[in-house]
Amino acid sequence: MASTSSDADLVIADVTTLSVGQLKKLIADAGLTIPAGVVEKSELQACARDAQVALAAKRTGSGEVRWVTCQFCEKEFAAASEEECTAHMATCSAFAEQHADRAQDGEQQSDCAPGGNPFDDTS
């Protein structure tokens, strides 16, 4: 059985990088079933995206989950809160690379992508 941290990693993972076994686990963990006739990996990836949204909504108790795209690495993932975006940035190598000079200078790094906060509906 996978650990909780690896289960959480599956929820925010880029589905194109997951194995068939990981895709099936993600779908099952969300309580979804793989529709009859779905055999191609690309079809499983589509089901896994739905599973990510369902799991994120369950985890946060929020009905609102958005697909967001990291402005740094361009990966797309399901997020139900700004905290989930920040968690992605904590592991995003493109974000770390772009902000390496600030970290070396001791500057506070922003946790907002250049495109703004996708959870801020005030704009």
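Scoring rules and cut-offs
Residues numbered from 1 in each chain as written. Predicted model: local features only at pLDDT ≥ 70, side-chain atom pairs only at ≥ 80, totals over all residues. Heavy atoms only, no water. Helix = DSSP H or I, 4+ residues; strand = E, 2+ residues; numbered from the N terminus. Buried < 20%, exposed > 50% of the residue type's maximum accessible area, 1.4 Å probe, protein only. Contact = heavy atoms within 4.5 Å. Areas by Shrake-Rupley, 256 points an atom, 1.4 Å probe, with all protein chains shown as cover. Pairing = 2+ DSSP bridges. Core = buried A, V, L, I, M, F, W, Y, C linked by side-chain atoms within 4.5 Å. Arc of directions from axis to C-beta. pLDDT = per-residue confidence, 0-100. Salt bridge = Lys/Arg side-chain N within 4 Å of Asp/Glu carboxyl O.

Novice: Please explain the overall build of the protein chain as it appears in this structure.
Specialist: Of the regular secondary structure elements, the protein chain holds 6 helices and 2 strands. Listing the helices and strands of the protein chain from first to last along the sequence gives α-α-α-β-β-α-α-α. Residues counted as buried form 31% of the 123 residues belonging to the protein chain. For the protein chain, contacts bridging at least 24 residues in sequence account for 41% of all contacts bridging at least 6. Accessible area for the protein chain stands at about 7,400 Å²; split by element, carbon and sulfur atoms hold 49% of it.

Novice: So what exactly am I meant to see when it comes to the pairing of strand E2 (residues 76–79) here?
Specialist: If a strand is regular, its side chains alternate between the two faces of the sheet. Direction of pairing for strand E1 (residues 66–69) relative to E2: antiparallel, over a ladder of 4 bridges. Directly across from threonine 69, in E2, lies its bridge partner glutamate 76. Counted along the chain from E1 to the antiparallel partner E2, the turn is 6 residues long, and its residue glutamate 74 has a positive phi close to 65°.

Novice: Honestly, the nonpolar core in this entry has me stumped. Any pointers?
Specialist: The tendency in soluble globular proteins is for nonpolar side chains to be buried as a group. By size, the foremost hydrophobic cluster in this structure holds 12 residues: Val15, Leu18, Leu23, Leu26, Ile27, Ala30, Val38, Leu44, Cys47, Ala48, Ala51 and Leu55. Of all elements in the fold, only helix H2 (20–29) and helix H3 (41–60) reach the threshold of two or more residues within this core. It is H3 that provides the largest number of residues to this core, a total of 5 residues. Apart from residues no more than four positions distant in its own chain, valine 38 is found in contact with Glu43 and Leu44.

Novice: What exactly am I supposed to notice about H2 here?
Specialist: Helical periodicity: at 3.6 residues per turn, an α-helix aligns residues three or four positions apart in one direction. Of all the positions in H2, only Leu23, Leu26 and Ile27 are classed as buried. End-on, the buried residues of H2 take up no more than an arc of 95°, which puts them together on one face. Of the residues trailing H2, glycine 31 is marked for its positive phi of about 80°.

Novice: How do you make sense of the confidence of the model for the protein chain when you look at a structure like this?
Specialist: Should pLDDT be low for a region, the predicted coordinates there are not to be read in detail. When the pLDDT values of the protein chain are averaged, the result is 76; 70% of them are 70 or greater. For the stretch residues 1–5, pLDDT sits under 50, and the model shows 2 contacts to residues farther than four places along the chain or on other chains. Scored below 50 in pLDDT, residues 107–114 makes 15 contacts in the model with residues more than four places away or belonging to other chains.

Novice: Would you explain the pattern of salt bridges in this entry?
Specialist: Pairing is possible between side chains of opposite charge, provided their charged atoms come close. Summed over the entire model, instances satisfying the criterion amount to 2 salt bridges. Close ionic contact of aspartate 29 with lysine 25 constitutes a salt bridge, the shortest N to O distance being 2.6 Å. Within this pair, aspartate 29 and its partner lysine 25 are both found in helix H2, separated by 4 residues, close to a single helical turn. Classification of aspartate 29 by relative accessible area gives partly exposed; the value is 37%. A salt bridge links glutamate 76 to arginine 49; the nearest nitrogen and oxygen atoms lie 2.6 Å apart. Here the residue glutamate 76 occupies a position in strand E2, and arginine 49 occupies one in helix H3, the gap between them amounting to 27 residues.

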